[in-house]
Amino acid sequence: MSLETVTLNFLSLKPCVVRSSGRIVARSSFLQQLFYLFSCKRVVTFEREKRYIEIYRKTWWFKKASDFVCYDQVSDVSFGFEDWNDFGFEFWQDGYEKIWVSLELKNSDELVPLVCFEGEGSRETGIFGTLLGDSIFDFRGNQQALASEFYNTVKDELGMWSR
């Protein structure tokens, strides 16, 4: 799936990313908002002409905030990975994954989170994991591929490949 095409898949937990006329917009999926009873929403907008990024957040229905980051303030783009293991067993490798794409700012140690891609773990559990209750069929989410594609798109947008 290319970011060049408009993807409005309402039955997905993955963020919806749309690229059109000098803008890239990534927003929380409809299904994810429905799950939280529309109390939470996140929209990240890259404005190429004005050279800034707007990060809009809504929490608890009424608390809304927007942060703005200029393209020139960004030093790099990074990945953050969380592996939520089922029941905390270290030998059970197939949990739930969250991958954050974030901005690193110049003259600061601060990371500005942009978008989180979530899904089923991508590692096999084998027979031992199956005996402990994991499904026989290992369902693998596409969150790593989507996060990588979004990461590359952000790097392209900010002109960071030549830095």
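Before any of the text, the structure's been laid out above.
Residues numbered from 1 in each chain as written. Predicted model: local features only at pLDDT ≥ 70, side-chain atom pairs only at ≥ 80, totals over all residues. Heavy atoms only, no water.

(A) The packing of aromatic side chains, seen in detail. A full pass over the atoms with the stated rule returns 5 aromatic pairs. A ring pair is formed by Y52 and F68, whose centres lie 5.5 Å apart and whose planes are at 65 degrees; its orientation type is edge-to-face. Here Y52 is found in strand β4 (residues 52–59), whereas its partner F68 is found in strand β5 (residues 63–70), with 16 residues between them in sequence. A relative accessible area of 51% places F68 in the exposed class. The interplanar angle of 55 degrees and the centroid separation of 5.9 Å between the aromatic rings of F117 and F150 together place this pair among those described as tilted. Highlighted residues: F117 in strand β8 (residues 111–120) and F150 in helix α3 (residues 143–158), separated in sequence by 33 residues. (Phe/Tyr/Trp six-rings, centres within 6.5 Å; stacked < 30°, edge-to-face > 60°. Helix = DSSP H or I, 4+ residues; strand = E, 2+ residues; numbered from the N terminus. Buried < 20%, exposed > 50% of the residue type's maximum accessible area, 1.4 Å probe, protein only.)

(B) Region of the structure containing the nonpolar core. Judged by nonpolar contacts, the single largest core of 26 residues is most densely connected at F46, I53, L103, L114, F150 and L158. Of all the secondary structure elements, the ones that give two or more residues to this core are β2 (23–27), β3 (41–47), β4, β6 (74–84), β7 (96–105), β8 and α3. Residue contributions to this core peak at 6 residues, all from α3. (Core = buried A, V, L, I, M, F, W, Y, C linked by side-chain atoms within 4.5 Å.)

(C) Here's a closer look at the sheet that holds strand β1 (residues 16–20). What the 5 strands build is an open sheet, ordered β1-β2-β3-β4-β5; its pairing is antiparallel. Each edge of the open sheet carries a strand with a single partner, namely β1 and β5. Each strand of the sheet is rotated relative to its neighbour by a mean of 10 degrees, with strand direction disregarded. The sheet contact formed by β4 and β5 spans 8 bridges and is antiparallel. Considered in β5, the bridge of E54 is made with F68. (Pairing = 2+ DSSP bridges. Axes fitted to C-alpha atoms, helices over the stretch in contact; angles between N-to-C directions.)

(D) Representation of the pattern of salt bridges in the model. Counted under the stated rule, the structure contains 6 salt bridges. Note that E157 and R48 form a salt bridge whose closest N and O atoms lie 2.7 Å from each other. With E157 in helix α3 and R48 in the loop between β3 and β4, this residue pair connects regions lying 109 residues apart in the sequence. On the accessibility criterion, R48 (38% relative accessible area) is partly exposed. (Salt bridge = Lys/Arg side-chain N within 4 Å of Asp/Glu carboxyl O.)

(E) Main features of the layout of surface pockets. Approximately 500 Å³ is the volume attributed to the largest pocket. Lining the largest pocket are 23 residues, with S28, Q32, Y36, R42 and E118 sitting closest to its centre. Listing elements by their share of the lining of the largest pocket, those giving two or more residues are β2, α1 (30–35), β3, β4, β7 and β8. Broken down by element, the lining of the largest pocket gets its largest block of residues, 4 residues, from β8. Its residues placed into classes, the lining of the largest pocket shows 12 nonpolar, 4 polar and 7 charged. (1 Å grid on protein atoms, 1.4 Å probe; cavity = no way out; pocket = protein on both sides within 12 Å on 5 of 7 lines; lining within 4 Å. Points joined across faces, edges and corners; volume = space filled by probe spheres on them. Nonpolar A, V, L, I, M, F, W, Y, C, P; charged D, E, K, R; others polar.)

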